[in-house]
Amino acid sequence: MSGAPLLLCFISLHLHDKTLRVQQHHQNTRAHSQSKMGSLPHIVEDLEGVVQLYSDGSVFRANDVDFNIPIHDDSSIVWRDCQFDNQNHLYLRLYKPVNASTKLPVLYFFHGGGFCVGSRAWPNNHNACLRLASGLQALVVAPDYRLAPEHRLPAAVDDALTSLKWLQARATADGPPAQDTWLHDQAVDFDRVYIMGDSSGGNMAHHLAVQLGPGSPELAPVRIRGYVLMAPFFGGSVRTKSEAEGMPEPILNVEILDRFWRLSLPPGKNADHPLANPFSPFSKNNLESVMFDPVLVIAGEIELLRDRVEDYARRLKEAGKKVEYVEFEGKYHGFFNNDPYSELGDRVLQEIKDWMSKISG
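Note that the structure is a prediction, hence the values are computed from the model and not measured.

Student: Explain the side chain of Arg120 to me, please; I cannot follow it from the model alone.
Tutor: Examined against the element boundaries, Arg120 turns out to sit in the loop between strand E8 (104-110) and helix H2 (123-136). Accessibility expressed as a relative area gives 14% for Arg120, which makes it buried. A polar contact is formed between the side chain of Arg120 and the side chain of Asp81, at a distance of 3.3 Å. A polar side-chain atom of Arg120 sits 2.5 Å from a polar atom in the side chain of Asp144. In contact with Arg120, other than residues within four places in its own chain, are Asp81, Tyr91, Leu92, Arg93, Tyr95, His111, Asn125, His126, Ala142 and Asp144.

Laid out in structure tokens, this is it:
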């Protein structure tokens, strides 16, 4: 599930002829190598041809993906990529306002994609981060993370924490050299760090909130102030009303939701797994008794996940958590990522800005 709706993020996406030829070569090679064995592997899960899982456990992933989304660059933001995990070859992207005159708060942005697709470099995610950096006057950090089914959960959540540890290292004496003006303690405020996640990224933000606890002491001197969950991708074995009765979104339906869980959860587990369902009957801890920092939950009125997201916010609020829930009328999943420079995008930014001021005042 993605920052733009789910798998394709309201993106006009297709595979180039080159990608199709690569896929055909992949299949031909597989057939040749296993023909002597008498049984050929076949596709058991197919995400629109972008990710295909075969019966022998191998995965085909299309890398030649075309997007019909222009980059919105008004030169007010500069950005650069940094490697934060050498072992897993993971990178993040930093976004900094050009004319910042004060120490910037830090906003982490974890993209969506059902834990199976997506990247910091996808144009919808890139545009969203440009808008967040300019609209909130913040240093935005957008990490990539390992994707399923090659790397099933909890890999993505582990990578999210690793990216925060990367920031912690740069806030200590062992951090970047003084000439790195982007991350110097005179340029950014490590005491005002916020975590934002879209869809599956919102799920990751939730698990970080629970794991790190109030004030995120294990990240000191970095201090997490709060978490923004944009229609977090949660699941459960029992359908909600919006899932069971809601109209399919332009490119999102319950079959795709189920497929994402089959591909991303540990083998043999269903959507009641604690990594999918915050109120899982299999959780070791009662979520209502766990303490964590303030949370802002945002959803679209007519998205399939609406009821599950609203229930999450309501139950936490009833348990005494500092949770705010904002719903945007008539909107599908991924409405901010799809058009962050719209009037609606401005409204979302204002909600986030007001919430940040409230919890950090």
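Student: Help me understand the confidence of the model for the protein chain in this model?
Tutor: Low-pLDDT stretches of the model should not have their predicted coordinates read in fine detail. When pLDDT is averaged along the protein chain, the result is 89; 88% of the residues meet or exceed 70. Taken as a whole, residues 2-25 scores under 50 in pLDDT and shows 82 contacts with residues more than four places along the chain or in a different chain. For the stretch residues 31-36, pLDDT sits under 50, and the model shows six contacts to residues farther than four places along the chain or on other chains.

Student: Please explain the packing of aromatic side chains as it appears in this structure.
Tutor: Aromatic ring pairs: the centre-centre distance and the angle between the two ring planes describe each pair. For the coordinates displayed, the defined rule picks out ten aromatic pairs. The structure contains a cluster of three or more aromatic residues connected by ring pairs, namely Phe115, Phe233, Phe260 and Trp261. When the ring centre of Trp182 is taken as origin, the NZ or CZ atom of Arg80, which lies over that ring, is 4.9 Å away. A cation over an aromatic ring shows up here: Lys96 above the ring of Trp182, its NZ or CZ 5.4 Å from the ring centre.

Student: Honestly, the sheet that holds strand E7 (residues 90-97) in this entry has me stumped. Any pointers?
Tutor: In a beta sheet, neighbouring strands are held together by backbone hydrogen bonds and run either parallel or antiparallel to one another. A sheet is described by the order of its strands in space; here eight strands give the open sequence E6-E7-E9-E8-E10-E11-E12-E13, paired in mixed fashion. Both outer strands of the open sheet, strand E6 (77-85) and strand E13 (323-328), are each paired with one neighbouring strand and no more. Between one strand and the next, the sheet's axes are offset by a mean angle of 20°, whatever the strand orientation. Two elements, E8 and strand E10 (residues 188-198), share six bridges in a ladder whose sense is parallel. Looking at the pairing, Val106 lines up with Val193 of E10. The strands touched by helix H7 (residues 306-318) within the sheet are strand E11 (224-230), strand E12 (295-300) and E13, with E13 carrying the most contacts at an inclination of about 155°.

Student: Would you mind showing me how to read the side chain of Asp144 here?
Tutor: Assignment of secondary structure puts Asp144 in the loop between strand E9 (139-143) and helix H3 (155-171). Ignoring sequence-local partners within four residues, the contact set of Asp144 consists of Phe84, Leu90, Tyr91, Leu92, His111, Ser119 and Arg120.

Student: Explain the pattern of salt bridges here, please?
Tutor: It is possible for side chains of opposite charge to pair when their charged atoms get near one another. Counting across every chain of the model gives 20 salt bridges. A salt bridge links Glu243 to Arg308; its shortest N-O distance comes to 2.8 Å. Taken together, the residues Glu243 in helix H5 (residues 241-245) and Arg308 in helix H7 connect sequence positions 65 residues apart. As far as the burial class goes, Glu243 and Arg308 line up, both buried.

Student: Sorry, what's going on with the environment of His89 here?
Tutor: For His89, the position within the fold is in the loop between E6 and E7. Each C-alpha atom of the pair His89 and Arg146 lies 9.4 Å from the other, and the pair is 57 residues apart in sequence.

Student: How should I be thinking about the sheet that holds strand E2 (residues 43-47) in this particular structure?
Tutor: The sheet built from three strands is open, its strands ordered E2-E3-E4 with antiparallel pairing. Both edges of this open sheet fall to E2 and strand E4 (59-61), since each of them pairs with a single strand only. Pairwise comparison of adjacent strand axes, ignoring direction, gives a mean angle of 10° for this sheet. In terms of strand pairing, E2 meets strand E3 (residues 51-54) through four bridges, oriented antiparallel. Note that in E3 the partner of Asp46 across the bridge is Gln52.

Student: What's the story with helix H4 (residues 200-212) in this structure? I'm lost.
Tutor: Each α-helix winds once per 3.6 residues, and so residues spaced three or four apart point in a common direction. With 13 residues, H4 extends 18 Å between its outermost C-alpha atoms, agreeing within 8% with the 18 Å of an ideal straight helix rising 1.5 Å per residue. Across the 13 residues that make up H4, a large majority, eleven, are buried. Residues of H4 that are buried include every one of Ser200, Gly201, Gly202, Asn203, Met204, Ala205, His206, His207, Leu208, Ala209 and Leu212, and no others. Those residues of H4 hidden inside the fold are in contact with E8, H3, E10, E11, helix H6 (254-264) and H7.

Student: Looking at this structure, I do not really get H7. What am I missing?
Tutor: A rise of 1.5 Å per residue sets the reference length of H7, with its 13 residues, at 18 Å; its end C-alpha atoms lie 18 Å apart and thus fit the reference within 8%. Those residues of H7 lying buried are Asp307, Arg308, Val309, Tyr312, Ala313 and Leu316. Residues of H7 that are buried in the fold lie against H4, E11, H5, E12 and E13. Just past H7, the residue Gly320 takes up positive phi, approximately 90°.

Student: Looking at this structure, how should I read the pairing of E10?
Tutor: On any regular strand, side chains alternate: one points to one face of the sheet, the next to the other face. Within E10, nine of the eleven residues are buried, which leaves it mostly tucked inside the rest of the structure. Here E10 pairs with E11 via six bridges, running parallel. Bridging from a neighbouring strand, Gly197 pairs with Leu229 of E11. Note that the unit made of E10, H4 and E11 has a crossover that is right-handed.

Calculation criteria
- Residues numbered from 1 in each chain as written.
- Predicted model: local features only at pLDDT ≥ 70, side-chain atom pairs only at ≥ 80, totals over all residues.
- Heavy atoms only, no water.
- Helix = DSSP H or I, 4+ residues; strand = E, 2+ residues; numbered from the N terminus.
- Buried < 20%, exposed > 50% of the residue type's maximum accessible area, 1.4 Å probe, protein only.
- Polar contact = N/O pair within 3.5 Å; in protein donor to acceptor, adjacent residues only side chain to side chain.
- Contact = heavy atoms within 4.5 Å.
- pLDDT = per-residue confidence, 0-100.
- Phe/Tyr/Trp six-rings, centres within 6.5 Å; stacked < 30°, edge-to-face > 60°.
- Lys NZ or Arg CZ within 6 Å of the ring centre and 35° of its normal.
- Pairing = 2+ DSSP bridges.
- Axes fitted to C-alpha atoms, helices over the stretch in contact; angles between N-to-C directions.
- Salt bridge = Lys/Arg side-chain N within 4 Å of Asp/Glu carboxyl O.
- Expected span 1.5 Å × (residues − 1).
- Right-handed = clockwise from strand over helix to strand, strands pointing away.

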